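One letter stands for each residue in the lines below.
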Amino acid sequence: MENKLPSHVGIIMDGNGRWATARGKERSYGHRAGSDNVDKIVTHAFSRGVKALTLYAFSSENWARPKKEVDELMRLLKIYFKKFIKKVVKNKVRLFVMGDLSVLDAELQKIISEGMEKTKDYGDNVLNIAVNYGGRQEIVHAVNRLLENNLPVTVEGISKNLYTAFIGEPDLIIRTGGELRISNFMLYQGAYSELYFTDVLWPDFDEKQFDLAMEEFSRRNRRYGKV
Ligand code: IPE
Ligand code: IPE
Ligand code: MG
């Protein structure tokens, strides 16, 4: 049997809040645990042959959460990216951050651009983090870019102007935390992605859980509308 591997995997890292609540802790405690879980999965995914990994860290709609929680999420993002930059040379992973970064605080913007700049020549593995990202907003952004350049609005034109143009469409989208929805994640490029939902909450999602998703993917039959 053909051994099918997803080249690009997207993960909706959901369930931090409920993980903390179940332990009688504040939601922020869950975000810290969730953030601590990221590197393990990134390392594992690349070791399994995944080329690009897109992680949904903060949606355009997540600003509507209590300020305290938003502040903690922004603080954790800063810590994560700073740590990432320190390990850059060793890891040789290209960092990309997609979303409307213009409204992030200046320090976070600076850390992100430094991380992207320092790693832009690494090509084997791409870690793409979605921050202040919304799939609808991304489509609008892509269409506006076409219009600004007097280009026709076509399916290919939009694809080429999505943030992810250089890594292509996700073959597999995993959502942890039990909700059966996409929550504005990669709406355009996910048109033919295989979807995998698990009840496991993000802080508990480990290498074994990742492998289960990979196995399930290898059993899927992708038809793209054909027979
Ligand atoms: C995912 O966990 C992290 C973000 C959305 C930033 P949640 O915070 O949504 O956790 P639940 O879904 O409330 O458990
Ligand atoms: C999606 O999770 C966003 C991220 C994981 C960053 P949410 O928790 O925000 O999604 P909903 O509100 O359950 O749809
Ligand atoms: Mg959630």
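Refer to the preceding data block for the structure.
Not measured: the values here are computed from a predicted model.

*Asks:* Looking at this structure, I do not really get the overall build of the protein. What am I missing?
*Replies:* Across its full length, the protein carries 7 helices and 6 strands. Traced from its N-terminal end to its C-terminal end, the protein shows the element sequence β-α-α-β-α-β-α-β-α-α-β-β-α. Radius of gyration (C-alpha) of the protein: 17 Å, near the 17 Å computed for a compact globule of 227 residues. Dimensions of the protein, computed from C-alpha atoms along their principal axes, come out at roughly 50 × 45 × 35 Å. Sequence separation of 24 or more characterises 75% of the internal contacts of the protein that already satisfy a separation of 6 or more. Counting every atom, the protein has about 11,800 Å² of accessible surface; 52% of that belongs to carbon and sulfur. Here the protein contributes 35 positive and 30 negative side-chain charges, whose respective centroids are spaced 2 Å apart.

*Asks:* Just checking my understanding: could you explain the site of ligand 1 for this structure?
*Replies:* Near ligand 1 lie 13 residues; those nearest to it are D14, G17, R18, R27 and R65. Within the side chain of R27, a nitrogen or oxygen atom sits 2.8 Å from an oxygen atom of ligand 1. Protein contact buries 87% of the 380 Å² of open area that ligand 1 shows by itself. Put simply, the parts of the chain that give the shell around ligand 1 at least two residues each are α1 (16-21), α2 (27-47) and α3 (67-91). If one sorts the elements of the shell around ligand 1 by residue count, α1 sits on top with 3 residues. In terms of residue class, the shell around ligand 1 is made up of 3 nonpolar, 5 polar and 5 charged.

*Asks:* Just checking my understanding: could you explain the site of ligand 2 for this structure?
*Replies:* As a matter of local geometry, ligand 2 sits amid I12, M13, D14, Y56, A57, F58, N62, R65, R175, R181 and S183. One of the side-chain nitrogen or oxygen atoms of S183 is found 2.6 Å away from an oxygen atom of ligand 2. Relative to its unbound accessible area of 390 Å², ligand 2 is 78% covered by the protein chains. The greatest single-element share of the shell around ligand 2, amounting to 3 residues, is contributed by strand β2 (residues 52-59).

*Asks:* How should I be thinking about the pattern of salt bridges in this particular structure?
*Replies:* Oppositely charged side chains can pair when the atoms bearing their charge come close. Under the counting rule described, the total for this entry stands at 22 salt bridges. When salt bridges that share partners are traced, they join D171, E194, E216, R219, R220 and R222 into one network.

Thresholds, definitions, all that
Residues numbered from 1 in each chain as written. Chains lettered and ligands numbered in written order. Predicted model: local features only at pLDDT ≥ 70, side-chain atom pairs only at ≥ 80, totals over all residues. Heavy atoms only, no water. Helix = DSSP H or I, 4+ residues; strand = E, 2+ residues; numbered from the N terminus. Rg over C-alpha atoms; globule rule 2.2 N^0.38 Å. Contact = heavy atoms within 4.5 Å. Areas by Shrake-Rupley, 256 points an atom, 1.4 Å probe, with all protein chains shown as cover. Lys, Arg positive; Asp, Glu negative; His and termini not counted. Charge placed at Lys NZ, Arg CZ, Asp CG, Glu CD. Near = heavy atom within 4 Å. Polar contact = N/O pair within 3.5 Å; in protein donor to acceptor, adjacent residues only side chain to side chain. Nonpolar A, V, L, I, M, F, W, Y, C, P; charged D, E, K, R; others polar. Salt bridge = Lys/Arg side-chain N within 4 Å of Asp/Glu carboxyl O.

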